[in-house]
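Remarks on the overall topology
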Amino acid sequence: MAADCHTPPSSASQREEARRFLDDYDPLGDDSALEKQNSGAPSPRSDRTTPIPKAQLATLCAVRLVDPIAFTQIFPYVNEMMERLHLTEDHSKIGFYSGLVESSFAIAQVVSIYQWARVSDTIGRRPVVLLGIFGIGLATLFMGVSTTLGGVILARCLGGLFSGNIAVIHSVLGEITDSTNQSIAFPLYGLCWPLGAIIGPLMGGLLSNPATKFPQWFDTELFRRYPYLLPCLAAAAIAFAGCTYGYFYLGETHPNLQPRKKENIPMSECRDGSFEKPSEPASVQQLLKIPVVRALCLSGAGLSFIATGFDVTFVLFCYTSLPQGGLAFNATQIGYALSISGLISILLQLLVMPIVLRRVDHARMYNFCMGLWPFCFVLLPGLNILARWGALDEAFGVLAPTTRALVWLGIGLILSISRTAALAFSVSMILVKDSAPNPASLGVTNGIAQFAMCLSRSFSPAFASSVLAFSIGHDFVLLRYLWVLVMTTICFLGTTLSRRIAEGMRQSAAPPR
């Protein structure tokens, strides 16, 4: 972890600063620390809704859309790509290499995410966001022309390094909203990932192997040599367009870097009749002393591990042959399934989230979402049982029309449960925003929360795909479904971690002894 640049010179003053820092912190107050600085001083609670800065929110959503498209467009064809590289003759081992490629992205993101957050506290949010989006576009282009495992992993690592600005983007959202309008703004912002999860897999599934699918336009030496260049080109074009749009319309939101007249600089607080300058970002050590921040980091890591593990498991499960326990889907069918998942997420964000965020306690909603994950893994093997029951040709995965319809209905049900469970990510953003002790610390708070999530996501794909690859090679029923048992157990552990958030909020709100 990077050293903190705001460390006081003496241990005595450091202890005094930490004591005052924790004494002033109240995560259950009516207004978050960010809202208090935006208004200049704490104000009485009001039922009036603060107008949403529509231009800023629209620009932020456009920029946010780039990441999921670049991240998910590889999913439909990643297993096919690994098979084309001739890394192994054992078809059941393909999942290991696919998981390695997918994990490399998150590992690189872990390395950069906190650093981007700290840099944004110094130079501002805007340059960090734009640089990250531009870098994602370059990394995606490199991905399209990679023909070795090393090249593919390097491209994904570059993409992960530049995607580390995700915590900064979350901070921008927190800085342009408050508690009166976040039930509207956060679901709208939350649409970006599921929308990207629709566009990305569709692009990857439909545009991969264009020389074969669209010979009248793309049957050239370039696309025969690089069969996955076209979806990467399309994703990179979207990234560069998002960067250009953000350059013209995304404004700086860091509270301490706003252009203002010298005589109008706001004072953050008053102590003993004297005003102090705006607060400095808290150190990691100070933030981790706050119980709710610790709980959000631990539970966020569990959520990210489970959600990423399910996404990887679902894709590999669909790609695996029927006799080995999968569905024998091709890249196009996998792309359709992932797009259905994104569509379900959009409907939930539009129709459910705004109502639930206004009426349900956020910590309680988070716990409910976490409790849904075990069902996602337990129900998956039933799709294979159903498919084998109505298969016309089990070796090639040919299903009877009625069975095919039932399988797709089952996929819709499981994906609906998983997307409802994934709403915990949106709720987590609000909880992290509210847990920030002061406006200047919002970037660092988001940074360590996202660091925890990305750290668990860095090894989740390799772990989940390896467990599934190991299981499908056995006939003994307990070993064949070992992946279900392992992932379900982890899901139950995740629900235990989620309960610590409410406990942490109560501990943070309790007066010091």
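Small disclaimer: the values here were computed from a predicted structure and weren't measured.

Looking only at helices and strands, the chain features 26 helices and 4 strands. Residue burial in the chain is summarised as follows: out of 513 residues, 55% are buried. For the chain, the proportion of contacts with a sequence separation of at least 24, taken over those separated by at least 6, is 82%. Within the structure as shown, the chain displays about 22,300 Å² of accessible surface, and the carbon and sulfur contribution to it stands at 64%.

In this section: the packing of helix α18 (residues 331-351) against helix α22 (residues 401-421). Relative to each other, α18 and α22 sit at 45°, their axes nearing to 9 Å. Overall, the two elements α18 and α22 adopt an arrangement that is oblique. α18 and α22 meet at a crossing whose hand is right-handed. For the pair formed by α18 and α22, the contact residues are Gln333, Tyr336, Ala337, Ile340, Ser341, Ile344, Ser345 and Leu348 on the first element and Trp408, Ile411, Gly412, Leu415, Ser416, Arg419 and Thr420 on the second. Across the contact of α18 with α22, the residue classes break down as 8 nonpolar, 6 polar and 1 charged.

This paragraph deals with the confidence of the model for the chain. Scored by pLDDT, the chain comes out at a mean of 80, with 83% of its residues at no less than 70. Element-level mean pLDDT values for the chain span from 45 in strand β1 (residues 269-271) up to 93 in α22. Overall, residues 17-46 carries pLDDT values under 50, and its contacts beyond four positions in sequence, including any with other chains, amount to 65 contacts. Note on residues 261-276: pLDDT under 50 across the span, and 22 contacts to partners over four residues away in sequence or across chains.

Our focus in this paragraph is the environment of phenylalanine 75. Along the polypeptide, phenylalanine 75 turns up in the loop between α4 (66-72) and α5 (78-84). Looking at phenylalanine 75, the relative accessible area reads 8%, which means it is buried. A C-alpha to C-alpha distance of 9.9 Å links phenylalanine 75 and leucine 202, two positions 127 residues apart in sequence. Leave out the neighbours within four places in its chain, and phenylalanine 75 touches Glu102, Val315 and Leu338.

Further remarks concern the nonpolar core. The biggest cluster of nonpolar side chains holds 119 residues, and the ones touching the most others in it are Phe310, Phe314, Leu327, Trp373 and Ile411. The element that contributes the greatest number of residues to this core is helix α17 (residues 291-319), accounting for 17 residues. Leaving out residues up to four positions away in the same chain, phenylalanine 314 has contacts with Ala337, Leu338, Leu380, Ile411 and Leu415.

Mapped onto the secondary structure, serine 304 falls in helix α17. When neighbours within four sequence positions are excluded, serine 304 is seen to be in contact with Phe425, Met453, Ser456 and Arg457.

Where α17 meets α22, the closest approach of the two axes is 11 Å, and the angle between their N-to-C directions is 165°. The orientation of α17 with respect to α22, classified from their angle, is roughly antiparallel. The interaxial crossing formed by α17 with α22 has left-handed handedness. The residues of α22 that touch α17, namely those facing Phe310, Asp311 and Phe314, are Ile411, Ile414, Leu415, Ser418 and Arg419. When its residues are assigned to classes, the contact of α17 with α22 shows 5 nonpolar, 1 polar and 2 charged.

On to the packing of aromatic side chains. Tallying each qualifying case throughout the model produces 17 aromatic pairs. Plain terms: the ring middles of phenylalanine 71 and phenylalanine 75 are 5.2 Å apart, the flat faces sit at 75° to each other, and that makes the pair edge-to-face. Each member of the pair, phenylalanine 71 as well as phenylalanine 75, is classed as buried. Taking the centre distance of 5.3 Å and the plane angle of 15° together, the rings of phenylalanine 329 and tryptophan 408 count as stacked. One end of the pair, phenylalanine 329, is in the loop between α17 and α18; the other, tryptophan 408, is in helix α22, and 79 residues separate them in sequence.

To continue, consider unusual backbone geometry. Unlike most non-glycine residues, asparagine 209 shows phi in positive territory, near 55°. Residue position: asparagine 209 is located in the loop between α11 (192-207) and α12 (210-213). Overall, the relative accessible area of 13% leaves asparagine 209 in the buried class. One non-glycine residue, alanine 328, adopts positive backbone phi at about 60°. Inspection of the secondary structure assignment puts alanine 328 in the loop between α17 and α18. Classification of alanine 328 as partly exposed rests on a relative accessible area of 24%.

Conventions adopted
- Residues numbered from 1 in each chain as written.
- Predicted model: local features only at pLDDT ≥ 70, side-chain atom pairs only at ≥ 80, totals over all residues.
- Heavy atoms only, no water.
- Helix = DSSP H or I, 4+ residues; strand = E, 2+ residues; numbered from the N terminus.
- Buried < 20%, exposed > 50% of the residue type's maximum accessible area, 1.4 Å probe, protein only.
- Contact = heavy atoms within 4.5 Å.
- Areas by Shrake-Rupley, 256 points an atom, 1.4 Å probe, with all protein chains shown as cover.
- Axes fitted to C-alpha atoms, helices over the stretch in contact; angles between N-to-C directions.
- Parallel < 35°, antiparallel > 145°, perpendicular 65-115°, else oblique.
- Left-handed = near helix turned anticlockwise from the far one by under 90°.
- Nonpolar A, V, L, I, M, F, W, Y, C, P; charged D, E, K, R; others polar.
- pLDDT = per-residue confidence, 0-100.
- Core = buried A, V, L, I, M, F, W, Y, C linked by side-chain atoms within 4.5 Å.
- Phe/Tyr/Trp six-rings, centres within 6.5 Å; stacked < 30°, edge-to-face > 60°.

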